[in-house]
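If you want the building blocks of each chain, they are given just below.
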Amino acid sequence: MNRTNASALAFLLLVLPVQAQAADERTFDVPRGSLSASLPQLSRQAGVSISVSDARLWQADAKAVKGRMSIEAAIRRLLAGTDARAVRVSPTSWRIEHRPTPYRAARRSPPPVTASQLRSPAPSYDLVAAEQDEIIVTASKTDLPYSRFAGVATQLNGDDLAFGSERGMDSILARVATISSTHLGSGRNKLFIRGIADSSFTGPTQATVGQYLGDVRLTYNAPDPDLRLYDIDSVEILEGPQGTLYGAGSLGGIIRSVPKAPDPREMKLQVIAGASATQHGDPGGDIAGIVNLPVGTGGHALRLVGYMLTDGGYIDNPILGQNDVNRVHVRGSRASFRFEAGDDWTVDLGGVYQAITSDDAQYADKNAPPLTRNSMVQQNAKARYGLATLVVVKDWSTLHFQSSNALVDHRLSERFDASLSDGAIRTVDVARIFAPTIVNPAITQPRVLDQHNATRMMVSENRLSRPYQNGLGWVIGTSFVDNRTRQQRDFRLLGLRAVLPGVTNRITEFTGYAEATAEVIPDVMVSGGVRLSHAKLGGEAEGVSLAASLAGRGTTATRRETDLLPSISVLAMPVDNVRIYARYQEGFRPGGLAVDGNFVRRFRNDQVRTWEGGVRFGEKGRTPFDATLSLSRTRWRDIQADFIDANGFPTTANIGNGRIMSLSGAIAFRPIPALSFDLGAVYNHSRVDELSAQILPVFAATPARLGRIPNVASHAVRGSVTYVSPVGDSAELRLNGWANYVGPSRLGIGPVLGEGQGDYVDTGLAMRLGTEHRGLSLTLTNLFDARGNRFALGTPFVEGGAGYMTPLRPRTIRIAVDVSY
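Residues numbered from 1 in each chain as written. Predicted model: local features only at pLDDT ≥ 70, side-chain atom pairs only at ≥ 80, totals over all residues. Heavy atoms only, no water.

Draft legend 1. Highlighting the overall build of the protein. Looking only at helices and strands, the protein features ten helices and 44 strands. Across the 821 residues that make up the protein, the buried fraction comes to 55%. Across the protein, the fraction of contacts at a sequence separation of at least 24, relative to all contacts at a separation of at least 6, is 68%. Element-wise, carbon and sulfur atoms account for 59% of the exposed surface of the protein, whose accessible area totals about 33,700 Å². (Helix = DSSP H or I, 4+ residues; strand = E, 2+ residues; numbered from the N terminus. Buried < 20%, exposed > 50% of the residue type's maximum accessible area, 1.4 Å probe, protein only. Contact = heavy atoms within 4.5 Å. Areas by Shrake-Rupley, 256 points an atom, 1.4 Å probe, with all protein chains shown as cover.)

This is the structure in structure tokens:
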């Protein structure tokens, strides 16, 4: 090539980009005004299509746009100072939407805030969607983008969960098909994910689902505390075992609720109040308040949440002449103080307290009239949950350090009907315990069994991570858990009290873990990790008879366990908006002690190994259509489960080995910005295929009832539709309807608990009319006033206890107002 040709080529290379840029520029003359008036003008002048996904944005104050510039620059200038951003859908179309709060914990501490900044915060110019705006899986502990995450992660918006009515865990269950629960009562239930379920009772076994508030563990072997989801930013669900990052008790997955952080920029006050009426039952009500207070000018802030709720009862007890006996009272509070210590150090102090009081049980008799139970006693329950947290965060340019520490005090007291009927002495040798009192055992005599569980836990996790960027992310950490659980039981009959054997379990666990994710070649991600856990377990029996104590038979136990949990996953993106992944993960639960008649028995640790593969289409929130499909196969060794022993009491043992296959999928479709559809479904096939010799005599009479793992529906489908429409100049109407089908399942393991349940449909409709600061809501649940059978357990201590059902709450209407300043 000669010098003249080379010079010409260089000139073209320099000029062509400038010409292309000039060709993309337009001359704009759009006056300042509302977005509803300015946006159509900019759209015509730019020659592109621009839609708005949220009707509330129409009233935003749009800036004037004048001069020659690119379309992107014009949109940026138009939206400056608003809460909106633009997403490029195609070369000729854009979408205006709210700039989302990133699904991630606070990272770099802001510089000290001056008084003038507090009065007039600087506007954000992050107006055009960029790569960092996508959903971040913070539960990965490396801030891994969902597009790089090999697995199923579901993120629910906190405002959506609270829309229509705050229902705690029920709000999550209504939206995720792969999560299921028992229905003994609020604050008493067990949660399951993907068919990994052990039993209907809350005993000494550790939960199969890890629950977290932020980065702090909520429970160990206690039931779901059912914390109300007021002022929650998001809820994140990871499906499948998460043993490498979260250790023991995450066999099925984890549920992580992220509360809204204190905001030093502005003071905010929000009040929500509602009243409800239940068909065939009593009325109820709720009130909640949220306050955010900046403290000083150094970036410190305090956030407070308080609430009180009452759910009206709907179960009648004719034998005691009482109606609507199962009223539930909930009161709670949450506080968080953020202290900016400088040099990118942040300290968060927090506390949670919630009390749930159930006046009576919520089950009914199968053979009685609807919503009716004949019980000799009131079966009340009280749950008290307290949590204190300290979280310290430090950021460097590419590294992040976090120390999360907590103290938990969780207490649950339950009363069960254990009345003697027609001389039946099924549950224990009552004639021996109450021999001086029982004159005529043929006369029905009211008797109760009281059970008290007290859990105290201290947890601490310290980790250093490199948040994912430029194709690499990693985390290394240590954790410490010290948990002590005490269970006490006693009978009460005619003013007399007989103490039954109880048990105390203690565990101290030290763990170290590491995991890394790397893009080994373009569009192929590989993750791998390992966790080493060492636990010291101990326990002792309480209330054991003198003879058994002198014999030393099974009244104490101590031992140590060491577990190694590896994980590996691969994700590939063969074409745009399609991702294929494969994953292997393990999980475990330590062993312990359980009551067995007048003695205490040991049970071993159990372990799951899961192979999973799946495919994802589209990107949630970015494309009009997205879908996921996942298939997993789990092998469960030495399953810890509860069943009814020969004396009629719930007890725990390793029942054998099992396998679970789970197929789940979800589809989201938004044909127009104002309308969206969501559909999710799951199919579970589970079986206990190898029984342990220890429990074979219990099942000898009913071998046909051994197969399925309990409390998980063979299939479930959940669907919803949402519509948003502007009303007038500043208001909007939002509608949300849902329908959930829960397929059949079994109550538990063994001849007594092998009853069927499930196979019902639950429906609801919620609507809100209002502005960002004021609104009126109407919610209607159980539209068709269906009964169903959510849970077949009433009380296991009365003969004929298999004839129970837990119906859906009857049709309920709620009217509420919300005001914020």
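Picking up where we left off.
Draft legend 2. Up close: helix α2 (residues 35–46). Compared with an ideal rise of 1.5 Å per residue, which puts twelve residues at 16 Å, α2 spans 16 Å between its outermost C-alpha atoms and is within 8% of the ideal. What α2 keeps buried is the set Leu35, Ser38, Leu39, Leu42, Ser43 and Ala46. Buried residues of α2 fall within an arc of 135° about the axis and therefore sit on the same side. In the segment just after α2, glycine 47 is the residue with positive phi, at about 75°. (Expected span 1.5 Å × (residues − 1). Arc of directions from axis to C-beta.)

Draft legend 3. Molecular detail of the sheet that holds strand β10 (residues 153–157). The five strands lie next to each other as β10-β15-β16-β13-β14, forming an open sheet whose pairing is mixed. Strands at the two margins of the open sheet, each flanked by one partner only, are β10 and β14 (216–217). Relative to β14, strand β13 (residues 209–213) runs antiparallel, the two being bridged by two bridges. What sits directly across from tyrosine 212, in β14, is arginine 217. (Pairing = 2+ DSSP bridges.)

Draft legend 4. Region of interest: a positive patch on the surface. A cluster of like positive charges, contributed by Arg484, Arg506, Lys536 and Arg560, occupies part of the molecular surface. Among the structural elements, arginine 484 can be located in strand β26 (residues 472–493). Classification of arginine 484 as partly exposed rests on a relative accessible area of 38%. (Patch = residues over 30% accessible without salt bridge, like charges linked within 9 Å, V, L, I, M, F, W, Y side chains within 5 Å. Salt bridge = Lys/Arg side-chain N within 4 Å of Asp/Glu carboxyl O. Lys, Arg positive; Asp, Glu negative; His and termini not counted. Charge placed at Lys NZ, Arg CZ, Asp CG, Glu CD.)

Draft legend 5. Region of the structure containing the pairing of strand β38 (residues 675–691). Relative to β38, strand β37 (residues 656–672) is paired through 15 bridges, and the arrangement is antiparallel. For glycine 658, the partnering residue across the bridge sits in β38 and is valine 688. Counted between consecutive antiparallel strands, the loop separating β37 from β38 contains two residues. Relative to strand β39 (residues 715–727), β38 runs antiparallel, the two being bridged by nine bridges. Paired with leucine 675 across the two strands is tyrosine 723, which belongs to β39.

Draft legend 6. Spotlight on the packing of aromatic side chains. Following the criterion strictly, the structure yields six aromatic pairs and no others. Aromatic side chains tyrosine 212 and tyrosine 246 sit 5.0 Å apart centroid to centroid with 65° between the ring planes, which places their arrangement in the edge-to-face category. Pair noted here: tyrosine 212 is in strand β13 and tyrosine 246 is in helix α7 (residues 243–246), with a separation of 34 residues, a long-range link. Aromatic pair tryptophan 345 and phenylalanine 401: ring centres 6.5 Å apart, planes at 70°, arrangement edge-to-face. Note that tryptophan 345 is positioned in strand β21 (residues 345–358) and phenylalanine 401 in strand β24 (residues 400–417), a separation of 56 residues in sequence. A residue is classified by how much of its surface remains accessible, and tryptophan 345, at 32% relative accessible area, is partly exposed. (Phe/Tyr/Trp six-rings, centres within 6.5 Å; stacked < 30°, edge-to-face > 60°.)

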